[in-house]
Amino acid sequence: MDREELFSVVNAILNDATDADVEVIIEALKRRAKGRNTGTFRGINPEKLAKESAGMISKQMSYSIGNIRKMIQDFAVDIIRKEAPELNEEQIAELTDAWIPDGGRQQKREQQELPPEVLLTMIKQFLSYSSGSMSPSEQMELENQIPDWQRTYWQRMPDGIRSVITLYLKGSIDSDECWDQIYADLDLQ
């Protein structure tokens, strides 16, 4: 493509294209970028193969660790019942959790703790996208910075805020009620 053609295309995108046209262009660019990053060797995509293998190994390891933790926990419960029969099931569960903590649960809890201001920005961007009011350029910028950002943002939001957003997007609550609840949950009055 020569410079004049390129200038003509860019000019048309910047000055004549509607938001819907820009959406189509963004999707086409994403597909092209994905196509260039396939990196196959004799029909095999090493990156995809490595990711799938790592996922299977990780799943098997977590399953094994979960089984080992369960066996140890069951053993501890048996000892507690024999040595302290006066404890009820709730007390036994508390002791077991204290003695054999679930490291995965703690790590997940720590990962979700983001500053309220950061969460607020993520929520605003998520709602802007979900309601269709986010500009295509902002969508493209977010997608370039954080691939699959919508899912990433959703997973990082606390459960209570996800519930409020779901209610708002379904039309069960209005915008004011949604934001009041979000600010209250984030303790940003």
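Before any of the text, the structure's been laid out above.
Quick caveat, the model's predicted, so the values are computed rather than measured.

1. Section: the overall build of the protein
Looking only at helices and strands, one finds 10 helices and 0 strands in the protein. Helices and strands appear in the protein in the N-to-C order α-α-α-α-α-α-α-α-α-α. Looking at the protein as a whole, 19% of its 189 residues are labelled buried. For the protein, restricting intrachain contacts to residue pairs at least 6 apart in sequence, the fraction spanning at least 24 positions comes to 54%. When the accessible surface of the protein is summed, it comes to about 14,400 Å², and 55% of that surface belongs to carbon and sulfur atoms.

2. Some thoughts on the packing of aromatic side chains
As enumerated under the stated definition, the model contains 4 aromatic pairs in all. Note on W179 and Y183: the rings are 6.1 Å apart at their centroids and 55° apart in plane angle, and the pair reads as tilted. One end of the pair is W179 and the other is Y183, both in helix 10 (residues 175–185) and 4 residues apart, which spans about a single turn. The structure contains a cluster of three or more aromatic residues connected by ring pairs, namely Y129, W149 and Y153.

The rules behind these values
- Counting from 1, residues in each chain are numbered in the order their sequence is written.
- Note on the predicted model: pLDDT of at least 70 is required for a residue's local features to be given, and 80 or more for side-chain atom pairs to be given and counted; whole-chain, interface and lining totals, by contrast, use all residues.
- For side-chain calculations, the full set of non-hydrogen atoms in the structure is used, while hydrogens and water are omitted.
- Counting from the N terminus, the helices are the DSSP runs of H or I reaching at least four residues and the strands are the DSSP runs of E reaching at least two.
- Relative accessibility under 20% of the residue-type maximum defines a buried residue, over 50% an exposed one, and the middle range a partly exposed one, all with a 1.4 Å probe and only protein chains included.
- Between two residues, a contact is recorded if the distance between any of their heavy atoms is within 4.5 Å.
- All accessible areas in this document rest on Shrake-Rupley with a 1.4 Å probe, and a residue is counted as covered only by the protein chains that are shown.
- To pair, rings of Phe, Tyr and Trp, with the six-membered ring standing in for Trp, must have centres within 6.5 Å; the planes then decide the type, stacked if under 30 degrees apart, edge-to-face if over 60, and tilted in the middle.

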